[in-house]
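Structural features, examined
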Amino acid sequence: QVQLVESGGGLVQPGGSLRLSCAVSGTIVSNTVMGWYRQAPGKQRELVATIVRGGSTKYADSVKGRFTISRDNAKNTVYLQMNSLKPEDTAVYYCNADRLIFDSKWYFEVWGQGTLVTVSS
């Protein structure tokens with residue numbers, strides 16, 4: 001089954017850190033864009049960061065300098081290291097792959113189930 005499974009969310013104090021993981025079942029191809037999104041209560045889902053197979057990354061202005069997206073090709077896993085967390089970072093964080101191959105079939109816009117990050121003292 002093609003799927004993305006997020007983990008690592010939880011409760012953290014302002015200024016603290018968390019590392020989210022996204023385990024990918026499926027083949028990441030050369031032009032796949034992996035991304036982390038988040039959705040806070042009452043707000044639309046927003047892009048946090050993206051990474052491509054070549055390693056290039058992009059970040060939302062709100063997280064630049066604090067968050068780092070990375071990947072481990074051997075483990076087929078994407079990470080989001082979150083430092084200097086702020087209350088406004090509180091959201092459900094979702095992993096996304098814009099395209100994957102699984103069992104010789106293409107899948108587009110594959111989403112994980114989400115993991116909740118709560119930043120509060």
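Think of each chain on its own: its residues are numbered from 1, step by step along the sequence as written. Local features in a predicted model are, by the rule used here, given only for residues with pLDDT of at least 70; side-chain atom pairs are given and counted only at 80 or more, and totals for whole chains, interfaces and linings are based on all residues. Heavy atoms throughout the structure, all of them, feed into the side-chain values; hydrogens and water do not.

Moving on, we come to the sheet that holds strand 3 (residues 18-25). Strand pairs in the sheet, formed through backbone hydrogen bonds, run parallel or antiparallel to each other. Reading across the sheet, the four strands line up as 1-3-8-7 and stay open at both edges, with antiparallel pairing between neighbours. At either end of the open sheet lies a strand with only one pairing partner, and these are strand 1 (3-7) and strand 7 (67-72). Direction aside, the axes of adjacent strands within the sheet are offset by 15° on average. In this sheet, strand 3 lies alongside strand 1 in antiparallel orientation, the contact comprising five bridges. The residue bridging S7 from the neighbouring strand is S21, located in strand 3. Whether two strands pair depends on DSSP finding at least two bridges between them. Going along the chain from the N terminus, every DSSP run of H or I of four or more residues is numbered as a helix, and every run of E of two or more is numbered as a strand. For helices, the fitted axis covers only the stretch in contact; all axes are lines through C-alpha atoms, and the angles between them, taken along N-to-C directions, range from 0 to 180 degrees.

Moving on, we get to the packing of aromatic side chains. Pairing of aromatic side chains here covers Phe, Tyr and the six-membered ring of Trp, requires ring centres within 6.5 Å, and sorts the geometry by plane angle: under 30 degrees stacked, over 60 edge-to-face, intermediate tilted. Evaluation of the coordinates by the stated rule reveals three aromatic pairs. With 6.4 Å between their ring centres and 85° between their planes, Y94 and W111 make a pair best called edge-to-face. Of this pair, Y94 sits in strand 9 (residues 91-102) while W111 is found in strand 10 (residues 105-111), placing the two residues 17 residues apart along the sequence. Aromatic rings pair up to connect Y37, Y94 and W111 into one cluster. Whether a charge sits over a ring comes down to the Lys NZ or Arg CZ being within 6 Å of the ring centre and within 35 degrees of the ring normal. In this structure, R19 packs its charged tip against the face of Y79, placed 4.3 Å from the ring centre. Lying across the ring of Y94, R45 places its NZ or CZ 3.8 Å from the centre.

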